[in-house]
Amino acid sequence: MTTNKTTEQSLTKKVWNLATTLAGQGIGFTDYITQLTYLLFLKMDAENVEMFGEESAIPTGFQWSDLIALDGLELVSQYEETLKILSEQKNLIGTIYTKAQNKIDKPVYLKKVITMIDGEQWLIMDGDVKGAIYESILEKNGQDKKSGAGQYFTPRPLIQAMVDCIAPQIGETVCDPACGTGGFLLTAYDYMKNQSNSKEKRDFLRNKALHGVDNTPLVVTLASMNLYLHGVGTDRSPIVCEDSLEKEPSTLVDVILANPPFGTRPAGSVDINRPDFYVETKNNQLNFLQHMMLTLKTGGRAAVVLPDNVLFEGNAGETIRKKLLSDFNLHTILRLPTGIFYAQGVKANVLFFTKGQPTKEVWFYDYRTDIKHTLATNKLERHHLDDFVSCYSNRVETFDAENNPQGRWRRYPVEDILARDKTSLDITWIKQGGETDNRSLSELMADIKDKSQTISAAVAELEKLLANINEN
């Protein structure tokens, strides 16, 4: 275990040091990790041939050996041709090389990355070590504000707690319709992989149980590689590159775990035309929620991270909440604090629901009031959610109006919620204790900078609108 940890730390450091060198040359971290993924797959294919005598999955002329022999512009040219050819392949290779492009056009730096990868034996490395190295790189990428990759990275301790509550069972199908780098699918896989010794069930888990969708080619590459390095989807990637909201689900699933994108749909997205939806809306997260409600089998269960406005927004929001209470058992809501996501200022909740039975009561766990997390000084860890996971299983209120009014775990009968204005689920009962802000000065400065950038962007948009109005 110590050797594994040492290997993991030293390799992560090597990979990260090279990232710093490349950043000095204007090669962003997201671009670097993508190229690393493309090259790593080629190297592991070569090891598979050398060590195990397997046939290469890569077409002749575009394998690892064809790259490492070259230098200079010849190397760049060969690499770019390789990416083009591999992006046209079917199955796993085509998915990993989805819309692949070279982002390291300086031969000397491309050679540096190739040399670093060539100096290690990746295939025989423990799957957990390979996976951990890759996960730590993805997490560092999520922290890089410039890359914007934080939107694709849900904190792993939160994912672990959600999976522990949902408890997926081997033989069940698990879907994430906005899968980012694959954290939910991977954690569900880890939860299920030791549940049975049956070869049939394990094969089903590795090749058929998991299904992820994302509409960003870069993210599909990262998620596919993340799962592949952990031994999942070795023939066919469980990740597909498409927009989940464009069409009705073709198959229904047992479990959904997700943190769909918040806000409006990205520019250039196809307009949603879903006759199966309960209500028409342009709100991205409400549409994802509808899609997930429709994708579950009867008896299927979901745990989904959603922003606060899903709990109180009127019109379409209220229609969907009523549907969630009448046709689903929305049994639990976990209220999350700010400071746990890489994207700043996100106020979110986890909704847990089961399809096919009406809600009788909703249990709320307030992990927000007087909770202070920051990414630097008090990062969310799995143990912070131990009490919630325990309450989730035991269903014994810790709130008591007389003896413990600050109790975080409270039950509300569905009649009380239906009587609320707009069927609002935005409920708090704990009085704030006015705790001091324990952010560091650098974190406060970063927060102020983020907010000022948001205000500047909003002012620029308003100026544009005013200019258009004046012109007309």
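Just above sits the structure.
Procedures and definitions
Residues numbered from 1 in each chain as written. Predicted model: local features only at pLDDT ≥ 70, side-chain atom pairs only at ≥ 80, totals over all residues. Heavy atoms only, no water. Phe/Tyr/Trp six-rings, centres within 6.5 Å; stacked < 30°, edge-to-face > 60°. Helix = DSSP H or I, 4+ residues; strand = E, 2+ residues; numbered from the N terminus. Buried < 20%, exposed > 50% of the residue type's maximum accessible area, 1.4 Å probe, protein only. Lys NZ or Arg CZ within 6 Å of the ring centre and 35° of its normal. Contact = heavy atoms within 4.5 Å. Patch = residues over 30% accessible without salt bridge, like charges linked within 9 Å, V, L, I, M, F, W, Y side chains within 5 Å. Areas by Shrake-Rupley, 256 points an atom, 1.4 Å probe, with all protein chains shown as cover. Salt bridge = Lys/Arg side-chain N within 4 Å of Asp/Glu carboxyl O.

Some thoughts on the packing of aromatic side chains
Alright, step 1. Counting across every chain of the model gives 16 aromatic pairs.
Alright, step 2. Ring centres 5.1 Å apart and planes at 45 degrees place the aromatic pair F41 and Y228 in the tilted group. Of this pair, F41 sits in helix 2 (residues 29–52) while Y228 sits in helix 11 (residues 217–229), placing them 187 residues apart in sequence. For the pair F41 and Y228, a shared accessibility class is recorded, and that class is buried.
Alright, step 3. Look at F352 and Y392: their rings are 5.1 Å apart centre to centre, the planes differ by 55 degrees, and that puts the pair in the tilted class. Residue F352 is located in strand 7 (residues 348–355), and its partner Y392 is located in helix 15 (residues 386–394); the two are separated by 40 residues in the primary sequence. Neither residue differs from the other here; F352 and Y392 are each classed as buried.
Alright, step 4. Site record: aromatic cluster; members linked through ring pairs are F352, W363, Y365, F388, Y392 and W409.
Alright, step 5. Sitting over the face of the ring of Y392, R395 holds its NZ or CZ atom 4.8 Å from the ring centroid.
Alright, step 6. The ring of F399 carries R410 above its face, with NZ or CZ at 3.8 Å from the centroid.

Quick look at the side chain of T354
Alright, step 1. Within the secondary structure layout, T354 lies in strand 7.
Alright, step 2. Exposure remark for T354: the relative accessible area of 15% places this residue in the buried category.
Alright, step 3. Not counting residues up to four positions away in its chain, the partners in contact with T354 are G299, G300, R301, F328, N329 and H331.

Some points on a nonpolar patch on the surface
Alright, step 1. On the surface, a cluster of nonpolar side chains totalling about 410 Å² of accessible area is made up of L462, L465, L466 and I469.
Alright, step 2. Its place among the elements puts L462 in helix 17 (residues 441–471).

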